[in-house]
Amino acid sequence: MISSVRGTVLAAQGSTAVIEVGGVGLAVQVTPQQALGLRVGHEAALRTTLIVREDDLSLYGFADADELAVFDLLRSVTGVGPRSAMGVLAALDPNEIARAIAAEDDGAFRKVSGIGPKTAKLIVVSLAGKLVVVPQARAAANPAATPVRDSVMLALMGLGWPERTAIVAVDEAMLVATDLERETMPSLLRIALAQLGPQQAAKK
């Protein structure tokens with residue numbers, strides 16, 4: 001079992017990252033948001049799990065142990081495969097998933113591609129009581145020092161926007177976002193991209 005990888009990012013596009021470990025490039029399946037946060041030529045460290053099938057070996061990567069644990073729990077639900085589980089994590093972070101389950105909100109999962117109404121309800125029923133909602137403090141008036149803000153800024157820079165432009169867009173997003181949106185990288189990234197509007201990424 002490959003439980004983690006650390007190495008230089010050779011490529012990151014869509015939902016796949018290639019990490020060089022000991023001279024070998026490992027293809028790792030990640031969420032699109034995570035791929036945006038990885039920078040080619042920089043070091044990355046991911047928690048991973050290797051899924052073995054008759055005709056396929058797939059390595060899935062996660063930012064931390066919490067994401068990996070939620071991924072494994074989702075896969076334990078009948079009808080939820082690795083790709084569907086990654087789809088859920090692309091749309092919702094672990095705490096949002098825990099909140100949806102605690103609130104018996106299967107609608108949050110129906111929005112995920114590949115998750116139908118029956119499977120969404122089954123996720124809520126099967127995982128009830130297995131995830132804990134972690135209270136999070138409100139974002140500070142000065143948004144400069146939150147991990148989510150930094151992750152979104154790196155994602156925008158990875159898309160080609162200059163650092164100065166990325167900082168302004170993220171800070172504006174922090175001002176207009178709700179408390180919950182400030183706590184989640186996918187939500188804040190969407191708002192920051194909306195703040196940038198139709199601008200095209202600067203050429204590297």
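Going by the structure above, here's the rest.
Quick caveat, the model's predicted, so the values are computed rather than measured.

Description of the overall build of the protein chain
What the protein chain contains, in helices and strands, is 10 helices and five strands. For the protein chain, the C-alpha radius of gyration of 17 Å lies close to 17 Å, the compact-globule estimate for 204 residues. If you line up the protein chain on its principal axes, its C-alpha atoms span 45 × 45 × 30 Å. With 204 residues in all, the protein chain has 42% of them scored as buried. In the protein chain, of all internal contacts separated by at least 6 residues, the share reaching a separation of at least 24 is 54%. Carbon together with sulfur atoms contributes 53% to the accessible area of the protein chain, which is approximately 11,100 Å² in total. Taken as two groups, the 19 positive and 21 negative side-chain charges of the protein chain have centres that lie 3 Å from each other.

Concerning the packing of aromatic side chains
A complete count under the given rule lists two aromatic pairs for this structure. Here the aromatic rings of F62 and F71 are separated by 4.8 Å at their centres, their planes lie at 50°, and the arrangement is tilted. For the pair shown, F62 and F71 are each scored as buried. In textbook terms, an aromatic cluster arises when at least three aromatic residues are bridged by ring pairs, as seen for Y60, F62 and F71.

Points about the pairing of strand β1 (residues 4-13)
Taken together, the five bridges between β1 and strand β4 (residues 43-53) define a ladder with antiparallel strand orientation. When the bridges of β4 are listed, V5 appears paired with L46. Direction of pairing for β1 relative to strand β2 (residues 16-21): antiparallel, over a ladder of five bridges. Residue T8 lies in a different strand from β2, and its bridge partner there is E20. Connecting the antiparallel pair β1 and β2 is a turn made up of two residues, with G14 showing a positive phi of about 65°.

Thoughts on the nonpolar core
Membership of the largest hydrophobic core comes to 25 residues, with the highest contact counts inside it found for F71, L74, V88, I97, F109, I115 and I123. Look past the residues within four positions of I123 in its chain and what remains in contact with it is L74, V77, V80, F109 and I115.

Quick notes on the sheet that holds β2
Either a parallel or an antiparallel arrangement is found when strands of a sheet pair, and the pairing is made through backbone hydrogen bonds. Pairing in this closed barrel of five strands is mixed, and the strands run β1-β2-β3-β5-β4 around the ring. Neighbour-to-neighbour, the strand axes of the sheet open up by a mean angle of 55°, direction not taken into account. Bridging between strand β3 (residues 24-29) and strand β5 (residues 56-62) involves two bridges; their strand directions are parallel. Bridged to V28 within β5 is L59. Those strands touched by helix α2 (residues 65-75) are β4 and β5, and its axis lies near 20° from that of β4. Here helix α3 (residues 82-91) sits on the sheet in contact with β3, β4 and β5, set at roughly 15° to β5.

Focus on the environment of V170
The residue V170 is located in helix α8 (residues 163-176) in this model. Sequence spacing of V170 and R110 is 60 residues, and the spatial spacing of their C-alpha atoms is 29 Å. The contacts of V170, once residues within four sequence positions are left out, are R149, V152, M153, L156 and L188.

Observations concerning the environment of V18
Tracing the backbone through its elements, the reader meets V18 in strand β2. Given the relative accessible area of 23%, V18 is considered partly exposed. Spatially, the C-alpha atom of V18 lies 25 Å from that of T184, the residues being 166 residues apart in sequence.

So, helix α7 (residues 147-158)
Here α7 spans 16 Å end to end across 12 residues, near enough to the 16 Å set by a 1.5 Å rise per residue. Residues of α7 that are buried: V148, R149, V152, M153, A155, L156 and M157. On its buried face, α7 sits against α1 (32-37), α8, α9 (179-182) and α10 (185-196). Downstream of α7 by a residue or two, G160 has a phi angle that is positive, lying close to 115°.

How each quantity is defined
Residues numbered from 1 in each chain as written. Predicted model: local features only at pLDDT ≥ 70, side-chain atom pairs only at ≥ 80, totals over all residues. Heavy atoms only, no water. Helix = DSSP H or I, 4+ residues; strand = E, 2+ residues; numbered from the N terminus. Rg over C-alpha atoms; globule rule 2.2 N^0.38 Å. Buried < 20%, exposed > 50% of the residue type's maximum accessible area, 1.4 Å probe, protein only. Contact = heavy atoms within 4.5 Å. Areas by Shrake-Rupley, 256 points an atom, 1.4 Å probe, with all protein chains shown as cover. Lys, Arg positive; Asp, Glu negative; His and termini not counted. Charge placed at Lys NZ, Arg CZ, Asp CG, Glu CD. Phe/Tyr/Trp six-rings, centres within 6.5 Å; stacked < 30°, edge-to-face > 60°. Pairing = 2+ DSSP bridges. Core = buried A, V, L, I, M, F, W, Y, C linked by side-chain atoms within 4.5 Å. Axes fitted to C-alpha atoms, helices over the stretch in contact; angles between N-to-C directions. Expected span 1.5 Å × (residues − 1).

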